Amino acid sequence: MKVVRYADRPDLRAIRYETLAKPAFPEYMNHNVPGGKYWSRLSDDFPDLQLALLDGDELVAELHSIPTAWDGSEGDLPGGWDESFLRAYEGGRRPDVLCALAIAVRPDRQGERLAARMLQEMRAAAERAGLRELIAPVRPTFKWRYPLIPIEQYMTWRRDDGTHFDPWIRAHERVGGEILGPARASMRIEASVSDWQSWTAMQFPDDGDYIVPEMLAPLYVRRGVGCHVEPNVWLRHRL
Ligand SMILES: CC(C)(COP(=O)(O)OP(=O)(O)OC[C@H]1O[C@@H](n2cnc3c(N)ncnc32)[C@H](O)[C@@H]1OP(=O)(O)O)[C@@H](O)C(=O)NCCC(=O)NCCS
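An account of the accompanying structure is given in this report. On a predicted model such as this, the values are computed, not experimentally measured, just so you know.

1. Structural notes on the pattern of salt bridges
Tallied over the full model, the rule gives 23 salt bridges. Between arginine 132 and glutamate 133 there is a salt bridge, with the nearest N and O atoms lying 3.3 Å from each other. Residue arginine 132 is classed as partly exposed on the basis of its relative accessible area of 38%. Look at glutamate 133 and you get buried, because its relative accessible area is 5%. Salt-bridge contacts for glutamate 173 lead to arginine 158; the nearest nitrogen and oxygen are separated by 2.8 Å. Of this pair, glutamate 173 sits in helix 7 (residues 167-174) while arginine 158 sits in the loop between helix 6 (151-154) and helix 7, placing them 15 residues apart in sequence.

See below:
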């Protein structure tokens with residue numbers, strides 16, 4: 001298997017959405033503000049940090065990351081995915097750390113530890129870029145099954161053998177990741193009820209708080225507008 005830069009492979013860029021992103025993430029995640037503004041620039045602006053994993057000629061996994069500013073203190077930790085992006089592009093501060101934006105493995109290749117390889121590649125990229133460490137606003141795989149449990153509580157859940165309850169947090173910890181704390185408002189998506197209906201294949205006939213499949217916390221609908229604030233868990237990987 002080999003890793004290539006998306007910047008060098010427009011053919012892979014053309015198929016990545018259908019192959020990896022679409023099956024990996026719910027549609028509404030493509031509609032947050034910083035992503036909509038800057039995602040398409042990543043390969044041009046940070047070509048060494050947008051990588052694809054090939055098995056032979058087949059695209060099997062990918063990673064996206066961005067250099068951002070964090071001085072290492074608790075108080076300066078970005079709020080999550082959105083703020084990391086905005087600090088990188090609009091914050092005006094020199095970047096200190098690499099922030100993971102996404103890792104996706106093709107559905108038929110999940111469970112083969114390919115994500116561990118991608119995390120190693122991210123660490124190596126951070127090192128090459130002269131950044132202090134890698135941080136990740138992790139989207140816990142099983143959190144959608146517990147949408148009413150606060151992220152502060154969920155992130156403490158461990159199995160009897162001490163490993164983390166959540167498979168994705170567990171995979172990070174297996175390769176040296178450490179939990180930093182909750183990212184309560186990592187990604188915010190606000191849109192009209194008709195947009196939410198088309199993204200989720202659900203109806204939201206009235207104001208209320210809705211539990212939506214695959215959503216890590218409720219969707220709040222008020223006066224024709226739906227708002228979802230996705231909670232994540234911050235992890236760090238020291239280099
Ligand atoms: C999360 C993800 C990146 C993990 O990649 P991976 O290469 O499958 O990871 P691993 O093979 O190391 O598996 C990690 C754990 O998840 C479990 N797992 C893997 N695929 C799974 C699936 N489809 N459903 C449930 N559990 C799964 C594995 O059994 C493993 O658990 P273990 O610790 O008990 O062995 C991958 O499943 C994925 O792309 N998911 C969709 C996109 C996503 O959520 N990305 C992360 C947010 S950016």
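Here the narrative resumes.
2. Observations regarding the site of the ligand
If you check the shell around the ligand, you find 18 residues, and the closest are Val105, Gly111, Arg113, Arg170 and Arg174. Separating a nitrogen atom of the ligand from a backbone N or O atom of isoleucine 103 is a distance of 2.9 Å. For the ligand, an oxygen atom lies 3.2 Å from a polar atom in the backbone of glutamate 112. Relative to its unbound accessible surface of 900 Å², the ligand loses 76% to contact with the protein. Cavity membership is defined here by more than half of the atoms lying within 2 Å of grid points; on that basis the ligand lies in the largest pocket. Counting only elements with at least two residues in the shell around the ligand, the list comes to strand 4 (97-105), helix 5 (114-128) and helix 7.

The rules we used
- Residues numbered from 1 in each chain as written.
- Predicted model: local features only at pLDDT ≥ 70, side-chain atom pairs only at ≥ 80, totals over all residues.
- Heavy atoms only, no water.
- Salt bridge = Lys/Arg side-chain N within 4 Å of Asp/Glu carboxyl O.
- Buried < 20%, exposed > 50% of the residue type's maximum accessible area, 1.4 Å probe, protein only.
- Helix = DSSP H or I, 4+ residues; strand = E, 2+ residues; numbered from the N terminus.
- Near = heavy atom within 4 Å.
- Polar contact = N/O pair within 3.5 Å; in protein donor to acceptor, adjacent residues only side chain to side chain.
- Areas by Shrake-Rupley, 256 points an atom, 1.4 Å probe, with all protein chains shown as cover.
- 1 Å grid on protein atoms, 1.4 Å probe; cavity = no way out; pocket = protein on both sides within 12 Å on 5 of 7 lines; lining within 4 Å.
- Sits in = over half its atoms within 2 Å of the grid points.

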